[in-house]
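Summary of the model geometry
Take a look at the letters that make up each chain.
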Amino acid sequence: MSPTYAYYPGCSGLGTSAEYDRSTRAVCKTLGIELVDIPDWSCCGSTPAHTVDHALSCALSARNIGQAEKLDVEGIITPCPSCLTNLKTASHRMRNPEFKARVEKLLDEPVENRLPVMSVLQVLFEQVGPRRIADRVTESLSGLRLAPYYGCIMNRPPEIMDFDDCENPIAMDRLMAALGADIAPFPLKVECCGASFGVARKGMVMKLSGKLLDAAEDVRADAMVTACPLCQMNLDLRQKQINAANNARHNMPVFYYTQLIGKALGLGEDSLMLDNLIVRPVGAFRKMEEVRRSAS
Amino acid sequence: MKIGVFVCHCGSNIAGTVDVARVAEEARKLPDVAFASDTMYACSEPGQEGIIEAIREHNLDGVVVASCTPRMHEPTFRRTVERAGLNRYMFEMANIREHVSWIGKDIEANTGKAIDLVAMAVAKLTHDKRLTAKKFSINKRVMVIGGGVAGIQAALDCADGGLEVVLVEKTPSIGGKMSKLDKTFPTIDCSSCILGPKMVDVAQHPNITLYANAEVAGVQGYVGNFEVSVNRKATYVDWEACTGCGQCMEKCPSKKSRDVFNEDIGTTTAINIPFPQAIPKKASINPEFCMKLTKGKCGVCEKICPTKAIRFDQTDAEAVENVGAIVVATGFDLFDHTRYGEYGGGRYTDVITSIQYERLLSASGPTGGHIKRPSDGKEPENVVFIQCVGSRDKSIGRPYCSGFCCMYTAKQAILTKDHLPESQSYVFYMDIRAPGKLYDEFTRRAMEEYGARYIRGRVSMIYPKGDRYVVRGADTLMGAAVEVEADLVVLAVGAESAKGAPQLAEKLRISYDTYGFYMESHPKLRPVETNTAGVYLAGACQGPKDIPSSVGQGSAAAAKVLALFSKDQLESDPQISEVDIKRCVGCGKCIETCPFTAIELTEFRGQPKAKVIETVCQGCGNCTTTCPQGAIQLQHFTDNQILAEVNVLCQQTLPNYG
């Protein structure tokens, strides 16, 4: 029987990162992971809530946890690292009975807090595994050199996130390698992209994300691959701004890892939405074909 | 029986939270107590004289002193009562300091507990018997475990004092960590030039037997008469025949063997002499890389060896040594920096450890003393040193300061400028800890004369950028984030206990701390003794130490051994088990539980009976609790004595003090 998870798409999944959401659902379906959307889910609190009030912030996520508990599922999964952080932090903090009581008072109902919370990446890496994904590959990505970029919160803080290595994570590297891609030793895997400062202090994002693009170019990557909607947006949507600010000429496609898995598994454009990427990946794919042709 | 009780104030240590006068007053009411008083310092000269006077005046049969721990002063007071003509075992101690005054502030409760403890000691004393120590002769040979600088010093001092010394070293050569260093702080003298002669002295000293490439497998016996079995690991070379000519090294085709001595900077041949000054200067084969031993082909060394010393069929051998004392000098290991993911976790070729850097600096190292980056052999321009890697970091379980890293980093920064005048060194540090003689001046010199740039703050991350590295950290004095581009990064790794240290401690029956460092008997007053008589400590096996401290402690341990051996006979402790032969049914349960194999089975009128080997028994009491007949009793802690204590405690009618 295929495992069933309560799926939390997050706000960005329905908006700015629709292609992440769409490809995640398609990949999970193909690999036999059943997703049930959490009924009537609400915002996780995102960045602002926990800077104001910990109990309130946790209550927002706890409500979603509570909603998921009403389903017959093995756990809660989400593609977005920020949603993941909020869900996991809420779950972690509620192990303290006193804190749990405060949250429950805000929600007017009890939360069992029994379901494990994981990222889609963790489920794909640990439950399905690179080997089984490699078996399903129909269109190998060999010839495509990727810089895997995890972002700063997928694995941090380690005592709460409890997945992979917080300094040198390898889950995405291994999954991409299973698709046949060439993995560049990307040194800034867990660096900050500037996150939501893109709005408040754009210069910060220009500097930090610019550094990431420089580093990816340094290791001769054809493209970056991410697991975070915000990172993807800063690197992809703002790449032109970054180029202008730093006097650079990057033309670096920034994929979601689920898009590349989907491509290697032979899924169609309507589930991958590669067209939604701002920096067109055509060049990277063309180079991939050339490398392959010259190798054969 | 007439008993005297002396309640010590210990200054304010006890009197501050215990009503000592009342304890003495209550003691006076106890049966058999003929005299009781409180005294300011029972252990002082007037205090002891007071005890002697009271014994004589009141014709006492036994004495109870209520004061500190028996570990501290039981021998002192035993000598006191002996001087007054009593048997030294007619003395009991009640610990009202560590067990009472230091752990609670409630005077009422403390006083009640102190009264109870005194009453118990008095009750036990009424059942005490006069015991006499037996004498036994000692074997005046000493074993030193570990051939680093501390072990070498201890061995030489003992040997010069006329003792026969057995030195056991795990690796194929003595010299330890010091032999891998290029120069030493704060004098910048050449490490191997000052250590080399001492190593040669070890080899040439008629009183020293050296077992290199050997490990202690087991220890039996007791102070004065240890029996140590030593596992001499196979080297596949007959060391009697080997002359150390080195021809085998030149011809060995397997050149990818791990170079342990050079800290894996570069490789070596499968048969090798670890370094030019090695003692003993003998070749040994690394079986993992020898083609003859792994694949059955080759054997070049065997063909060319002029003295026919190669023995591919050699196996480990056991040697048994009888010694009277053991000096443990097993040293330390360096922290494994691959645990720091943010520093690359061992993935970056040009992020190396401080000891690897020493090998690069050393003229006998793999680069002949030229500083070259391991990745491309280029001379580095910017060298970044990061201190406290594996020191003072709770998150990786190393909260302690390793002590010598500040100094060796300053030394390496100075040497870097010496070797490469165009280079620039940066040192990220947390605090500079340089308390030794001429140490602070030395670190100042690194900064002021050699221009090393010291930045106070931890490094958060190292990442490669092109063929250089970006070292990102904080400058906490400036309050800003800093990034330094480095060609070479040297991690000042801290010290941790040697691998296998706890296992060796079990064999030697000595204690070790949470981190695996061996515990001294008293941190201030007995720094080289252990709690096992006849076993002494020297060097960094006890905690991180620099060369001067290690050498000092090596000499101190040797002095202790010489003092021990200045007597021809030692007194055995009479507080050991004794078998009541009439009660013993010869079931042998005590033999099974004895951790020291101090009990054997004998025959008495055709019946099997247990017998205690007096010199081996350590008086732990395991056998007495095991014996179903109650036939085996620990002298001075017999069932009757312990029951007397329990009885009096149960009969106390004092208020409940929780």
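Residues numbered from 1 in each chain as written. Chains lettered and ligands numbered in written order. Predicted model: local features only at pLDDT ≥ 70, side-chain atom pairs only at ≥ 80, totals over all residues. Heavy atoms only, no water.

Basically, it comes down to this: UniProt positions are given in the numbering used here, feature names are shortened, and annotations may be inferred rather than shown by experiment.
In the annotation of an unreviewed UniProt entry, chain B is listed under the name Heterodisulfide reductase subunit A and assigned to Pseudodesulfovibrio portus. UniProt annotates chain B under Sequence similarities (unreviewed entry) with the comment "Belongs to the HdrA family." Quoted verbatim from the Cofactor (unreviewed entry) field of the UniProt record, the comment on chain B reads "FAD".

Under an unreviewed UniProt entry, the name given to chain A is Heterodisulfide reductase subunit B, and the organism recorded is Pseudodesulfovibrio portus.

1. Topic: the interface of chain A and chain B
Note the following rule: Contacts are assigned to residue pairs that have any heavy atoms within 4.5 Å of one another. Values labelled buried area give the accessible surface lost by two parts on being combined, using a 1.4 Å probe and summing over both. Salt bridge criterion: a side-chain nitrogen from Lys or Arg within 4 Å of a carboxyl oxygen from Asp or Glu. Two N or O atoms form a polar contact when they lie within 3.5 Å of each other; inside protein one atom must be a possible hydrogen donor and the other a possible acceptor, and for residues adjacent in sequence the pair counts only when both atoms belong to side chains. Ten residue types, Ala, Val, Leu, Ile, Met, Phe, Trp, Tyr, Cys and Pro, are classed as nonpolar, four, Asp, Glu, Lys and Arg, as charged, and the remainder, Gly among them, as polar.
Taken together, the contact pairs 7 residues of chain A with 11 residues of chain B. Between chain A and chain B, the buried area comes to about 760 Å², and carbon and sulfur atoms account for 51% of it. Across the contact surface, chain A and chain B share 2 salt bridges. A salt bridge links A:Glu191 to B:Arg472, with the nearest nitrogen and oxygen atoms 2.7 Å apart. On inspection of chain A and its partner chain B, the count reaches 3 residue pairs in polar contact (both at pLDDT 80 or more). Tallied by class, residues from the side of chain A that touches chain B come to 2 nonpolar, 1 polar and 4 charged.

2. Some thoughts on the sheet that holds strand S11 (residues 214-222) of chain B
Residues and elements named next belong to chain B. How we decide: Here, a strand pair is defined by DSSP locating no fewer than two bridges between the strands. By the criteria applied, helices consist of DSSP H or I runs no shorter than four residues and strands consist of E runs no shorter than two, each listed in order from the N terminus. Every axis corresponds to a line fitted to the C-alpha atoms, with the helix fit spanning only the stretch in contact, and the corresponding angles, defined between N-to-C directions, vary from 0 to 180 degrees.
The 3 strands lie next to each other as S11-S12-S17, forming an open sheet whose pairing is antiparallel. Since the sheet does not close on itself, it has two edges, and those belong to S11 and strand S17 (317-323), each with one partner. Neighbour to neighbour, the strand axes of the sheet diverge by 20° on average, direction disregarded.

3. A few points about the environment of B:Thr597
Looking at the secondary structure, you find B:Thr597 in the loop between helix H17 (589-593) and strand S32 (599-604). Not counting the four nearest positions on each side in its chain, B:Thr597 is found in contact with B:Gln220, B:Ile613 and B:Val616.

4. Brief notes about the UniProt feature "domain: Cysteine-rich" (unreviewed entry) in chain A
Per the UniProt record, the feature "domain: Cysteine-rich" (unreviewed entry) sits at residues 5-88 and 149-236 of chain A. Measuring from the first to the last C-alpha atom of residues 149-236 of chain A gives 13 Å, for a span that is 47% helix and 8% strand.

5. With respect to helix H3 (residues 45-58) of chain B
Residue and element names in this part refer to chain B. Cut-off, in case you're wondering: Expected span, for any helix, means 1.5 Å times one less than how many residues it has. Only protein chains enter the accessibility calculation, which uses a 1.4 Å probe. A residue is then buried if its area is under 20% of the maximum for its type, exposed if over 50%, and partly exposed in between. The directions from the helix axis to the C-beta atoms are what the arc is built from.
Between its terminal C-alpha atoms H3 stretches 20 Å, which fits the 20 Å expected from 14 residues at 1.5 Å a residue. Regarding H3, the residues found buried are Gly47, Gln48, Ile51, Ile52, Ala54 and Ile55. One side of H3 holds all its buried residues, which, seen down the axis, span an arc of 160°. The exposed residues of H3 that point more than 90 degrees off its buried face are Glu45, Pro46, Glu53, Arg56 and Glu57. Looking at the buried positions of H3, the neighbouring elements they touch are strand S1 (3-8), strand S2 (33-39), strand S3 (62-67) and helix H4 (70-83). Asparagine 59, located one to two residues past H3, shows a positive phi value of around 55°.

6. Things to note about the pattern of salt bridges
Residues and elements named next belong to chain A. Applying the stated criterion to the full structure yields 46 salt bridges over all chains. For the salt bridge of arginine 25 with aspartate 21, the shortest nitrogen-to-oxygen distance reads 3.2 Å. Here the residue arginine 25 and the residue aspartate 21 both occupy positions in helix H2 (residues 18-30), the gap between them amounting to 4 residues, near one helical turn. Given the relative accessible area of 28%, arginine 25 is considered partly exposed. Aspartate 21 sits in the buried class, given a relative accessible area of 9%. Note that arginine 280 is salt-bridged to aspartate 275, the shortest N-O span being 3.6 Å. Given a relative accessible area of 53%, aspartate 275 falls into the exposed group.

7. Points about the packing of aromatic side chains
Definition in use: Pairs were defined over the aromatic rings of Phe, Tyr and Trp, the Trp ring being its six-membered one, requiring ring centres within 6.5 Å. Orientation was assigned from the angle between planes: stacked under 30 degrees, edge-to-face over 60, tilted for the rest.
Applying the stated criterion across every chain, the model contains 19 aromatic pairs over all chains. Ring centres of A:Phe255 and A:Phe285 lie 5.5 Å apart, and the angle between their planes is 40°; on these two criteria the pair is classed as tilted. Taken as a pair, A:Phe255 in strand S8 (residues 254-256) and A:Phe285 in helix H17 (residues 282-295) lie far apart in primary sequence, 30 residues in all. Aromatic side chains B:Phe335 and B:Tyr340 sit 5.8 Å apart centroid to centroid with 70° between the ring planes, which places their arrangement in the edge-to-face category. Overall, the relative accessible area of 3% leaves B:Tyr340 in the buried class. Chaining the aromatic ring pairs together yields one cluster made of A:Tyr20, A:Tyr256 and A:Tyr257.

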